[in-house]
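Chain by chain, the residues:
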Amino acid sequence: MSELKFDRHRRLRSSAAMRALVRETEIQVNDLIYPLFVIEGENIKNEVSSMPGVFQLSLDNLREEMKEVVELGIQAVMLFGIPKEKDAEGTGAYADDGIVQEATKLIKRAYPELLVVADTCLCEYTSHGHCGVIKGQDVDNDASLPLLSETAISQARAGADIIAPSNMMDGFVAVIRKALDEAGFSHTPIMAYSVKYASSFYGPFRDAADSTPEFGDRKTYQMDPANRQEAIREATSDVAEGADFVIVKPALSYLDIVRDVKNTVNVPVVAYNVSGEYSMVKAAAGNGWIDEEAIVMEKMTAMKRAGASLILTYFAKDVARWIQG
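Residues numbered from 1 in each chain as written. Predicted model: local features only at pLDDT ≥ 70, side-chain atom pairs only at ≥ 80, totals over all residues. Heavy atoms only, no water.

What about the pattern of salt bridges?
- On inspection of all chains with the given rule, the structure shows 15 salt bridges.
- Between Asp31 and Lys304 there is a salt bridge; the shortest N-O distance is 2.9 Å. Of this pair, Asp31 sits in the loop between helix 1 (16–21) and strand 1 (32–39) while Lys304 sits in helix 10 (residues 292–306), and the two are 273 residues apart along the sequence.
- With relative accessibility at 8%, the residue Asp31 sits in the buried group.
- Owing to a relative accessible area of 21%, Lys304 belongs among the partly exposed residues under this scheme.
- Arg321 is paired through a salt bridge with Asp318; the nearest N and O atoms lie 3.1 Å apart. Separated by three residues within a single helix, Arg321 and Asp318 lie in helix 11 (residues 316–324), roughly one turn from each other.
- Assessed through its relative accessible area of 34%, Arg321 is described here as partly exposed.
- Here the salt bridges share partners, and the residues they tie into one network are Glu65, Glu68, Lys282, Glu292, Lys317, Asp318 and Arg321. (Salt bridge = Lys/Arg side-chain N within 4 Å of Asp/Glu carboxyl O. Helix = DSSP H or I, 4+ residues; strand = E, 2+ residues; numbered from the N terminus. Buried < 20%, exposed > 50% of the residue type's maximum accessible area, 1.4 Å probe, protein only.)

Focus on the nonpolar core
- Counting residues in hydrophobic clusters, the biggest one holds 104 residues, and the most contacted among them are Val77, Met78 and Met191.
- Per element, the largest residue contribution to this core is seven residues, and it comes from strand 1.
- Apart from residues no more than four positions distant in its own chain, Val77 is found in contact with Ile33, Tyr34, Leu36, Met66, Val69, Ile107, Leu114, Leu115, Val116 and Val117. (Core = buried A, V, L, I, M, F, W, Y, C linked by side-chain atoms within 4.5 Å. Contact = heavy atoms within 4.5 Å.)

Examining the pairing of strand 12 (residues 310–313)
- Along strand 12, one buried face is formed by Leu310 and Leu312 and the opposite face, lined by Ile311 and Thr313, is buried too.
- Here strand 1 pairs with strand 12 via two bridges, running parallel. Within the sheet, the bridge partner assigned to Leu32 lies in strand 12 and is Ile311.
- Note that strand 11 (residues 269–273) and strand 12 share four bridges and pair parallel. In the sheet register, Val270 faces strand 12, and the bridge partner there is Leu310. (Pairing = 2+ DSSP bridges.)

Here is the structure:
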């Protein structure tokens, strides 16, 4: 075959050392943000039935969890709150003694170098389960914005390092940025859920956060999964309004969107490996159908290869252990 000429691509796959030498994408512990569900009460550690290994934790049990997170080298957590009481306007979200605020204070006292990202939304706190103020049978965009601003300021005052508004209201970044600046938190970055689809992959999260809408759905404010150009419009608007990071949610079924957004904006892109993606892998692994570590690490690599700078994932502790051997 000496007369034929063709490329010898296999030369660079000839051994594990050679493959490692030319590997283009690496997953590091610093890439990970670990979501946590904190709940009001005492001595609570409720495993989420649809998310094996994920728990609702009261503050007394949060301490032990944070010790493990820090020992694994994870540098950032995102907090979701579950209050005892809910009302139509989600007042627990912006109470200075709210569950996310108290959890933030606890974490920052014990581990001041750990980054706390506060999910800034109302859905866990409203009696109707929607992400803003209800007028008729819909969420009133502009009436919801002041409450989201109050929530962001309260979270920053408690010590949150990053504010992560997830409500998908128009103008939410601009309003929150202005409110934070005026309250003296101009140094606090915003990690905006800029591209958040109305996805069927969120089901287990709603079990964990007790945030299923009482009526209707969220399709009037979250995005249509069929749309691609809309993601670019949303992301560019949020960056123009002051977003320091943009989140694409979900991640795995939207890797084309992750790449589109990465190619468009000049801020870090965060891929949210959501609850349904987590639970499907856990179910298959639990039945012995797949190699969990291999599948998860391949997923993490795909998200980062697509353009994610950071990955929000319930697998964060597992991934940290696997990376460290």
